[in-house]
Amino acid sequence: MYQEFTSRNHGYITNDLQAHIGSTIILIAGCGLGSVSAEVAVRTGFKKFILVDGDTVGVSNLNRQIFNFSDVGKFKAQALKERLLAINPEVEV
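Quantities reported herein were computed from a predicted structural model and do not represent experimental measurements.

Rules behind the numbers
Residues numbered from 1 in each chain as written. Predicted model: local features only at pLDDT ≥ 70, side-chain atom pairs only at ≥ 80, totals over all residues. Heavy atoms only, no water. Helix = DSSP H or I, 4+ residues; strand = E, 2+ residues; numbered from the N terminus. Buried < 20%, exposed > 50% of the residue type's maximum accessible area, 1.4 Å probe, protein only. Contact = heavy atoms within 4.5 Å. Areas by Shrake-Rupley, 256 points an atom, 1.4 Å probe, with all protein chains shown as cover. Lys, Arg positive; Asp, Glu negative; His and termini not counted. Charge placed at Lys NZ, Arg CZ, Asp CG, Glu CD. Patch = residues over 30% accessible without salt bridge, like charges linked within 9 Å, V, L, I, M, F, W, Y side chains within 5 Å. Salt bridge = Lys/Arg side-chain N within 4 Å of Asp/Glu carboxyl O. Core = buried A, V, L, I, M, F, W, Y, C linked by side-chain atoms within 4.5 Å.

Caption draft 1: Geometry of the overall build of the chain. For the chain, the count of helices and strands is four helices and two strands. In the chain, the order of α-helices and β-strands from amino to carboxyl end is α-α-β-α-β-α. In terms of principal-axis extent, the alpha carbons of the chain reach across some 40 × 20 × 20 Å. Among the 93 residues that make up the chain, the fraction classed as buried is 39%. Here the contacts in the chain between residues at least 6 apart in sequence split such that 51% fall between residues at least 24 apart. Surface accessibility of the chain: about 5,500 Å² in total, with carbon and sulfur atoms responsible for 56%. Charge centroids of the chain, computed over 9 positive and 9 negative side chains, lie 3 Å from each other.

Structure (C-alpha cells):
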C-alpha cells in the first residue's frame, strides 16, 4: 500500500528519499499547531510518529488546528493519532 500511497510523489521525491522518509521517526512535541505539520508529513509518506501533548482539544483550537468538533475534550495527542491513522492506517504512533 505504501508504494501506491506515495506514487504521486514521484518526480518530486526520489525513490531513495521516499524510502528514507518512510523509515524516519518524527517527534511532534505540541500536537496543537504541530497537528498541521503532522498531517502534511503523513501525507508525504512519513509513517513513524511520537506525539507528545498533555492538553485537550477545545473549541478555540478548531480555527487553527486540524481537529474537528467531534475531537473536543479528547487529548490532542490521541485525536491527532486517530487523524493520522485515518489518513494512513499503516502509521505507527
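Now that the structure has been shown, we can carry on.
Caption draft 2: Fine view of a nonpolar patch on the surface. A surface patch of nonpolar side chains, about 380 Å² in accessible area, is lined by I25, L27, I50 and V52. For the nonpolar patch, the elements supplying multiple residues, two or more each, are β1 (25-29) and β2 (48-52). Within the secondary structure, I50 is located in strand β2.

Caption draft 3: Region of the structure containing the nonpolar core. The biggest cluster of nonpolar side chains holds 21 residues, and the ones touching the most others in it are I28, F49, L51, L80 and L84. For this core, the secondary structure elements donating two or more residues are β1, α3 (34-44), β2 and α4 (76-87). Per-element tally for this core: the top contributor is α4, with five residues. Non-local contacts of L51, meaning those with residues more than four positions away in its chain, are made with I28, C31, A77, L80, K81, L84 and V93.

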